Amino acid sequence: HNKYQAFPPLDMPNRQWPNNNISETPLWCSVDLRDGNQALVEPMTVSQKRRYYELLLAMGFKEIEVGFPAASKMDFDFVRWLIEENKIPGDVTIQVLTQARESLIEQTFAALKGVKQAIIHVYNSTSTVQRELVFQKDRQGIIDIAVQGATWVKLHAEANPGPQWQFEYSPESFSGTELDFAVDICDAVNAVWQPTAANPVIINLPATVEMSTPNVFADQVEWFCGNVKNRDAITVSVHTHNDRGCAVAAAELAVMAGADRVEGTLLGNGERTGNMDIITMAMNLYSQGVDPKLQLGDIDNIITTISECTQLPVHPRHPYVGELVYTAFSGSHQDAIKKCLDRRVPESTWNVAYLPIDPTDLNRTLQHVIRVNSQSGKGGIAYLLEQEYGVQLPRWLQIEFSSVVQRQSETTASELLVPQIWQLFKSTYAHTE
Ligand code: KIV
Ligand code: ZN
């Protein structure tokens, strides 16, 4: 189905890992092609969307929100292309968003004609501010919208038997909704669908706007899980945004508080400050010994595709994937890294100071960790000369030469690459040859 199938998985080495906080991988749902795309300055072109979709398949996503077909012709056509060109593998379910309006739901089903399995995702806003100022409706008025939406989807699903239909409901702006009301509205929606453990409804709890510290969001999720009726027949999903910079933390704490599923995007693209970043959360799981069940083993290929499709640059210090995240310029860090690499027992717990994971796990090399500028020290410089040129400097020479390197880097106000350091070494000590 796609040309990226060759992406390697993350190898889960047989090491000892630090204590786990999250012991099970949540179900992932990528909303890149909908929430991510709707936030782009220039939405993805047809070919970028296709390429991104293939990337998501190659990374192992099993649930992918592919658009809002009733609101956008491009999304409608994209869904048709997926179905008509047989681009949806048997173990993958596409998800489509719609508001709770009958004409939109009808169009959504038209877009999905011929699909084998799909999630119909209905949302309406439930927070106090949305109820009072945007919709000017009381609680019952908002419940009526949700129940009507659920009913129309159910009627259309029954009128179109064959495909496996799953229903998802989001009380949009859950993070600003009174908890008793959030439970009431979801109970009302579930009463329409009558889910069972074998055929669950997805209730997706969005921090549409991140409004609290992540522990408070997790408390909201925990309370919801403890109070909603028929919990065993519900897949509780979370969908966090990053307005306070804690979307990943909020999703992680929510999973610890009982959520089963996480919606997010790659590298956190999405409305305003973005959605939660699935790559960061997946790598956090990995670094605790929990298999994220996503194929992240060739990260550079993945991030190149993401940024080519979204036209967004990747910050050089983006967790796990930025260009500079496995580098050390300062002397003390270099020295500690060098000692750990020299002294650690291979295949034991990854225990290298200043490197939270082994960069080679992501197909990055250890070769470029130590970088030299005017802040670097003797240990790092000696390490590089030994690694690259097989030259072992005695301690007195390490001390002397490192000040030569520092002066040179100060003069040029730039980083020195290993061949330049080697040249400098040769020119400095040429008379002693
Ligand atoms: O952020 C949000 O609330 C959404 C909903 C449509 C789920 O994107
Ligand atoms: Zn969102």
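Residues numbered from 1 in each chain as written. Chains lettered and ligands numbered in written order. Predicted model: local features only at pLDDT ≥ 70, side-chain atom pairs only at ≥ 80, totals over all residues.

If you look the protein up in an unreviewed UniProt entry, it shows as 2-isopropylmalate synthase from Moritella marina ATCC 15381. Under the Cofactor (unreviewed entry) heading, UniProt states for the protein: "Mg(2+)". For the protein, the Function (unreviewed entry) comment in UniProt is given as "Catalyzes the condensation of the acetyl group of acetyl-CoA with 3-methyl-2-oxobutanoate (2-ketoisovalerate) to form 3-carboxy-3-hydroxy-4-methylpentanoate (2-isopropylmalate)." (UniProt positions renumbered as here; feature names shortened; annotations may be inferred.)

For the rest of this paragraph, the subject is the overall build of the protein. Counting secondary structure elements, the protein contains 15 helices and 8 strands. The 433 residues of the protein split such that 43% are buried. Here the analysis covers contacts within the protein between residues at least 6 apart in sequence; of these, 73% occur between residues at least 24 apart. (Helix = DSSP H or I, 4+ residues; strand = E, 2+ residues; numbered from the N terminus. Buried ≥ 20, exposed ≤ 12 C-beta atoms within 10 Å, placed from the backbone. Contact = placed C-beta atoms within 7 Å.)

A separate point is the site of ligand 1. All residues adjacent to ligand 1 are Asp-35, Leu-97, Tyr-123, Ser-170, Glu-172, Asn-204, Pro-206, Thr-208, His-239 and His-241. Listing elements by their share of the shell around ligand 1, those giving two or more residues are β5 (164-172) and β6 (201-207). For the shell around ligand 1, the per-class residue count stands at 3 nonpolar, 5 polar and 2 charged. (Near = placed C-beta within 6 Å. Nonpolar A, V, L, I, M, F, W, Y, C, P; charged D, E, K, R; others polar.)

Another aspect to go through is the confidence of the model for the protein. Looking at the protein, pLDDT values average 94 and 96% of them are 70 or higher. As scored by the predictor, the complex reaches a pTM of 0.93 and an ipTM of 0.99. (pLDDT = per-residue confidence, 0-100.)

Attention now goes to unusual backbone geometry. A positive phi angle is found at Gln-311, which is not glycine, with a value near 65°. Among the structural elements, Gln-311 can be located in the loop between α11 (299-310) and α12 (331-343). Its 11 C-beta neighbours within 10 Å are what place Gln-311 among the exposed residues. Its identity as a non-glycine residue notwithstanding, Tyr-320 has a phi of 70°, on the positive side.

Attention now moves to the pairing of strand β2 (residues 63-67). Of all the 5 residues making up β2, 5 are buried; the element is thus mostly covered by neighbouring parts of the structure. Across 4 bridges, the pairing between β2 and strand β3 (residues 93-99) is parallel. In the strand pairing of β3, Ile-64 is matched with Ile-94. (Pairing = 2+ DSSP bridges.)

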